[in-house]
Amino acid sequence: MEAHDTTVEQDEFFKTLAEKSDGGTLRGDYSKADAQYVVQQDMAAYTPEQHALWRRLYERQARLLPGRACDVFIESLAALDASQGVPDFERTSEALFKATGWRLVAVPGLVPDETFFEHLASRRFPVTVWLREPHEFDYIVEPDVFHDFFGHVPLLFNPIVADHLQQYGLGGLKALKLGGLKNLARLYWYTIEFGLIQSPQGLRVYGAGILSSGGEIEYCLTNPAPKRVAFNAERVMRTLYKIDSYQETYFVIRDFQQLFDETAPDFTPIYERLKDLETLPADTLLPGEADLGVA
Ligand code: PHE
Ligand code: FE
């Protein structure tokens, strides 16, 4: 790649993460990662207990999908045939590449922002190799293979989402140069991780953070407490989010084309505008905005 010193960059990355996680470290094994943080997925290393835990996670979650997840998620997930154990990324990659030109790459866990964006911009989706522990069945802080694979991979089979995520990766590299990273991260959070979508039958979930969660998938659709607001890219980019509780606001897209179209314009002037604007708390309802209510 370029003239970057990988070791120095990695040190920086781990330092930032240690700060972010209150002195904690990432649990993945980064020692065998290449410069793009890619590792081999060692299928033989998963134990029978881990495959059994995957099956339990999958079963619990699959049961919750009908009437809650959007159709394309349910259909693509079924076609993945991943219910029986931690899936083989290579096998999925082949099907995915045929469908939308994307591949999965195995990573030890979180990767630096720039690396993440570079992967997406090249139509590669990084998937964490390790699986949570049994006591983390309901909640996990760092994304694991269940979140990354179950939550994110099905929608990569949708051509519009696939194109959108590549554009997001390119936009991320640009945001790094323009000081727009925080704004762009909020967009990702409120769409790809926690987004809701309209359907003829009512609200549905497409965000991976919800789709891989046993509790929030019901909460986000039926609990009266959180707000549900029509998606607007610039509004989302100035809105703070919760990382240690259910969301206080969900943003609702009409369809994936809207998500693609509203994020297609050049964000440079938006980043400039937002620098002078206050951020909005996670539970804000702006004048003129309607709470769309429960599904
Ligand atoms: N259009 C954005 C820009 O100019 C890039 C982007 C595309 C961001 C898709 C998010 C999603 O920076
Ligand atoms: Fe995620």
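Reference entry: report on the structure contained in this document. Only a predicted model underlies this, so the values are computations on that prediction, with no experimental measurement involved.

This part covers unusual backbone geometry. Positioned with a positive phi, Y37 is a non-glycine residue whose angle comes to about 65°. Along the polypeptide, Y37 turns up in the loop between α1 (6-20) and α2 (48-64). Phi at R123 is positive, roughly 55°, even though this residue is not glycine. Within the secondary structure, R123 sits in the loop between α5 (113-121) and β2 (124-128).

For the pair helix α7 (residues 159-178) and helix α13 (residues 268-275), the least separation of the axes is 11 Å and the interaxial angle reads 45°. Accordingly, the angle class assigned to the pair α7 and α13 is oblique. Crossing hand, α7 versus α13: right-handed. Facing G171, K174, A175 and L178 of α7, the residues of α13 in contact are T268, Y271 and K275.

Neighbouring residues of ligand 1: H164, Q167, Y168, G171, K174, L184, L187, T263, A264, P265, D266 and F267. Separating a nitrogen atom of ligand 1 from a backbone N or O atom of T263 is a distance of 2.6 Å. A264 is positioned with one of its backbone polar atoms (N or O) 3.3 Å from a nitrogen atom of ligand 1. If ligand 1 stood free it would expose 330 Å²; the protein chains cover 94% of that surface. The set of elements that each furnish at least two residues to the shell around ligand 1 consists of α7 and α8 (181-193). Among the elements that line the shell around ligand 1, the one with the most residues is α7, at five residues. Its residues assigned to classes, the shell around ligand 1 shows six nonpolar, four polar and two charged.

On to the layout of surface pockets. In this structure, the second largest pocket occupies an estimated 420 Å³ of space. Looking at the second largest pocket, it is lined by 16 residues, and the ones nearest its centre are D29, Q40, D42, A45 and V129. Broken down by class, the residue content of the lining of the second largest pocket amounts to seven nonpolar, four polar and five charged.

All right, on to the coordination of the iron ion (ligand 2) then. Only H147 (NE2), H152 (NE2), E193 (OE) and E193 (OE) from the protein coordinate the iron ion (ligand 2), and they sit 1.9 to 2.8 Å from it. In this structure, the iron ion (ligand 2) is surrounded by four donor atoms whose angles at the metal cover 51 to 135°, and the resulting shape is irregular. All donors to the iron ion (ligand 2) come from one chain, and their sequence spacing reads H-x4-H-x40-E. Of the two residues, H147 sits in helix α6 (residues 145-152) while E193 sits in helix α8, which places them 46 residues apart along the sequence.

Let us look at the environment of F137. Examined against the element boundaries, F137 turns out to sit in the loop between β2 and α6. Under the relative-accessibility criterion, F137 is labelled buried at 14%. For the pair F137 and D34, spaced 103 residues apart in the sequence, the C-alpha separation amounts to 30 Å. Discounting residues that sit within four places of it in the chain, F137 has contacts with L53, R56, L57, R60 and R132.

A word on the side chain of Q258. Inspection of the secondary structure puts Q258 in helix α12 (residues 256-263). Owing to a relative accessible area of 6%, Q258 belongs among the buried residues under this scheme. Here the side chain of Q258 touches E262 through a polar contact of 2.8 Å, side chain to side chain. Non-local contacts of Q258, meaning those with residues more than four positions away in its chain, are made with F231, V252 and I253.

With that settled, consider the sheet that holds strand β3 (residues 196-199). Strand order in this open sheet of four strands is β4-β3-β6-β5, and the pairing throughout is mixed. The sheet is open, and its two borders are formed by β4 (202-205) and β5 (227-230), each paired with just one other strand. When the angles between neighbouring strand axes are averaged without regard to direction, this sheet yields 40°. Bridge count between β3 and β4: four bridges; the pairing is antiparallel. If you follow Q198 over to β4, its bridge partner there is L203.

Turning to empty space enclosed by the protein, a few remarks are in order. For the coordinates displayed, the defined rule picks out one cavity of 30 Å³ or more. Estimates place the volume of the largest cavity at around 60 Å³. What lines the largest cavity is G151, H152, L155, V161, L165, I192, Y206 and A208. A per-class count over the lining of the largest cavity returns six nonpolar, two polar and no charged.

Conventions and cut-offs
Residues numbered from 1 in each chain as written. Chains lettered and ligands numbered in written order. Predicted model: local features only at pLDDT ≥ 70, side-chain atom pairs only at ≥ 80, totals over all residues. Heavy atoms only, no water. Helix = DSSP H or I, 4+ residues; strand = E, 2+ residues; numbered from the N terminus. Axes fitted to C-alpha atoms, helices over the stretch in contact; angles between N-to-C directions. Parallel < 35°, antiparallel > 145°, perpendicular 65-115°, else oblique. Left-handed = near helix turned anticlockwise from the far one by under 90°. Contact = heavy atoms within 4.5 Å. Near = heavy atom within 4 Å. Polar contact = N/O pair within 3.5 Å; in protein donor to acceptor, adjacent residues only side chain to side chain. Areas by Shrake-Rupley, 256 points an atom, 1.4 Å probe, with all protein chains shown as cover. Nonpolar A, V, L, I, M, F, W, Y, C, P; charged D, E, K, R; others polar. 1 Å grid on protein atoms, 1.4 Å probe; cavity = no way out; pocket = protein on both sides within 12 Å on 5 of 7 lines; lining within 4 Å. Points joined across faces, edges and corners; volume = space filled by probe spheres on them. Donors = N, O, S within 2.8 Å, 3.2 Å for Na, K, Ca; no water. Tetrahedral: all angles 85-135°; square planar, octahedral: opposite > 155°, others 65-115°. Buried < 20%, exposed > 50% of the residue type's maximum accessible area, 1.4 Å probe, protein only. Pairing = 2+ DSSP bridges.

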